[in-house]
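Okay, here's what each chain looks like letter by letter:
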Amino acid sequence: MKIYAASYLLPISSPPIAGGAVAVENGVIAAVGTLPEVSAACGAPVTDLPGCVIMPGMVNAHTHLELTHFPAWKLRKDLDYLPKRYVEWIQQVVKIKRALLPGETEHSVREGMRLCLESGTTSVGDILSDFSLAPLYRDAQLAGRVFLEAIGHDPVMGENLLRRIETTLDTFAGSLLPAISPHTPHTVSPQLLRALHALAVNRAIPKAIHLSETADEASFMHDTTGEIAELIYPMAHWEEYLPHPMYTTSTRFLCELGVLDRSTLAVHAVHVIVDDVRLLKEKGCSVVLCPRSNDRLFVGCAPHKLLKSSGVPLALGTDSLASNDSLSLWDEVRYLQQQAQGVFSAEELIAMATIGGARALQIEASAGSLEPGKRADFQVLSCGSVSETTVHAALLSKGRLEQVYVAGEKYPKP
């Protein structure tokens, strides 16, 4: 057993503790409290971290670690430009992924894991499209969920994909648990959406779906117009599956299919309307905000005030390095603080990046806060002189990441 003490302990699930400490035994948190309380209860050697704050590792609720090396792949293909339109970006991603050599995606995933851990993220909600990479996650130091991605409209291919997903779900073991991800309401057939939902219910696992990310999606769901219909469907050879105008929104479409519930992570939610947010709240869905990705792809800004006032559970994600500059959730939190000035307090932003993500991923029993029985994933930040009432704000304004611990072990190992 070991005890780690700092000027402040930030459990997230309870107020900051001045002179706080956390005891760790066999990779699990044994006790939290003031240093005298923890020492009296545990009687173990103390590592003192003066002038620092100990808090849980970040929970990045939406990543695509397969795309970590995307910036380098763009350079190699002489495609190093930032598309000004979302559909053009999709075309760029597809073109680059089709040209990858064997083994490249594996290296990309491993690098993504390293970048997450180095920036204080200890749990992720990662989207995986290449199921052959599932073994990479078995012994990963990261915790969280791996969402097996489903795309397609062809019914025969959909049945085959569903069988592959079911088989792959059974291969997961360790700290990264399986989940599923229907890609979007317009890239997955209604039949496959229902089947994936039934699978999620049967397995008691969450599902993530990119929802209302773009104005193009809103146009498509309303009257089947725009670049999704004109460019994406022909590119995917889905012309025969082009729907008649539905005069709906993505959220209402999914709700009427019966696939929205408490296990649903609605990712992005940029172009949701008031009625959409009401439905998301009513069905118990979580929303994962990815503000830097939305800005980089010119798709707009999520309605932060509406989402907050509705009480929809919120989490944060970086998305991938195909649409972001880093996998640091600290960068994401600070960006959102500037973008949504006055909407979220520093305490709310940090909660979204920790316990909010853990709840969305359904891993709050082991992550997202410092409580006895949870995995000992925590980070140590220096931020100078602070008080109990200013510690959250100080972390955002001047916090500097000093150390990361994964299951009680320092990362990387000395």
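Shown above is the structure to which this text applies.
Residues numbered from 1 in each chain as written. Predicted model: local features only at pLDDT ≥ 70, side-chain atom pairs only at ≥ 80, totals over all residues. Heavy atoms only, no water.

Caption draft 1: Just the environment of Pro 414, in detail. If you trace the backbone, Pro 414 turns up in the segment after β16 (409–411). Pro 414 gets classed as exposed once you look at its relative accessible area, which sits at 95%. (Helix = DSSP H or I, 4+ residues; strand = E, 2+ residues; numbered from the N terminus. Buried < 20%, exposed > 50% of the residue type's maximum accessible area, 1.4 Å probe, protein only.)

Caption draft 2: Examining helix α15 (residues 391–398) more closely. Among the residues of α15, Val 391, His 392, Ala 394, Leu 395 and Leu 396 are the ones counted as buried. Those residues of α15 that are buried are in contact with β1 (2–9), β5 (46–56), α13 (329–339), α14 (346–360) and β14 (378–382). (Contact = heavy atoms within 4.5 Å.)

Caption draft 3: The arrangement of the packing of aromatic side chains in detail. Tallied over the entire structure, the rule returns 6 aromatic pairs. Note on Tyr 86 and Trp 89: the rings are 5.8 Å apart at their centroids and 40° apart in plane angle, and the pair reads as tilted. Residue Tyr 86 and its partner Trp 89 are both found in helix α3 (residues 86–98); the two are separated by 3 residues, about one turn of the helix. The burial state of Tyr 86 is the same as that of Trp 89; both residues are buried. Ring centres of Phe 220 and Tyr 233 lie 5.1 Å apart, and the angle between their planes is 35°; on these two criteria the pair is classed as tilted. (Phe/Tyr/Trp six-rings, centres within 6.5 Å; stacked < 30°, edge-to-face > 60°.)

Caption draft 4: Representation of the packing of α14 against α15 in the model. Closest axis-to-axis distance for the α14/α15 pair is 8 Å, and the angle between their directions is 75°. Taken together, the axes of α14 and α15 lie roughly perpendicular to each other. Mapping the contact onto sequence places Ala 346, Glu 347, Leu 349 and Ile 350 in α14 and His 392, Ala 393, Leu 395 and Leu 396 in α15. Split by residue class, the contact of α14 with α15 holds 6 nonpolar, 1 polar and 1 charged. (Axes fitted to C-alpha atoms, helices over the stretch in contact; angles between N-to-C directions. Parallel < 35°, antiparallel > 145°, perpendicular 65-115°, else oblique. Nonpolar A, V, L, I, M, F, W, Y, C, P; charged D, E, K, R; others polar.)

Caption draft 5: Layout of the side chain of Asn 324. Its location among the elements puts Asn 324 in the loop between β13 (314–316) and α13. A polar atom in the side chain of Asn 324 sits 3.2 Å from the side chain of Arg 292. In terms of polar contacts, Asn 324 uses its side chain to reach the backbone carbonyl oxygen of Thr 318, at 2.7 Å. Each residue touching Asn 324, except ones within four places of it in the same chain, is listed here: Arg 292, Ser 293, Arg 296, Thr 318 and Glu 332. (Polar contact = N/O pair within 3.5 Å; in protein donor to acceptor, adjacent residues only side chain to side chain.)

Caption draft 6: Representation of the environment of Leu 192. Position of Leu 192 among the secondary structure elements: in helix α6 (residues 190–203). Along the primary structure Leu 192 and Asp 276 are separated by 84 residues, whereas in three dimensions their C-alpha atoms are 22 Å apart. Ignoring sequence-local partners within four residues, the contact set of Leu 192 consists of Ala 150, Gly 152, Gly 158, Leu 161 and Leu 162.

Caption draft 7: Here's a closer look at the pattern of salt bridges. Considering all chains together, one arrives at 18 salt bridges under this definition. The salt bridge involving Arg 296 is made with Asp 325; its shortest N-O contact spans 2.6 Å. Residue Arg 296 is found in helix α11 (residues 291–296), and its partner Asp 325 is found in the loop between β13 and α13; the two are separated by 29 residues along the sequence. Arg 296 gets classed as partly exposed once you look at its relative accessible area, which sits at 25%. According to the relative accessible area criterion, Asp 325 is exposed, its value standing at 60%. (Salt bridge = Lys/Arg side-chain N within 4 Å of Asp/Glu carboxyl O.)

Caption draft 8: Region of the structure containing the pairing of strand β11 (residues 264–268). The element β11 is largely enclosed, with a buried count of 5 among its 5 residues. Sheet analysis places strand β10 (residues 207–211) next to β11, joined by 5 bridges and oriented parallel. Bridging across to β11, Ile 209 finds its partner in Ala 266. Strand direction decides the pairing type here: β11 and strand β12 (residues 286–289), joined by 3 bridges, are parallel. The residue of β12 that forms the bridge with Leu 265 is Ser 286. (Pairing = 2+ DSSP bridges.)

Caption draft 9: Structural view of helix α7 (residues 215–223). Every buried residue of α7 is accounted for by Asp 216, Glu 217, Phe 220 and Met 221. Axial view of α7: buried residues confined to an arc of 130°, hence all on one face. Downstream of α7 by a residue or two, Thr 224 has a phi angle that is positive, lying close to 55°. (Arc of directions from axis to C-beta.)

Caption draft 10: Main features of the environment of His 222. You can see His 222 is positioned in helix α7. Along the sequence, His 222 and Pro 245 sit 23 residues apart, while their C-alpha atoms lie 6.1 Å from each other.

So yeah, pure geometry; function would need other evidence.
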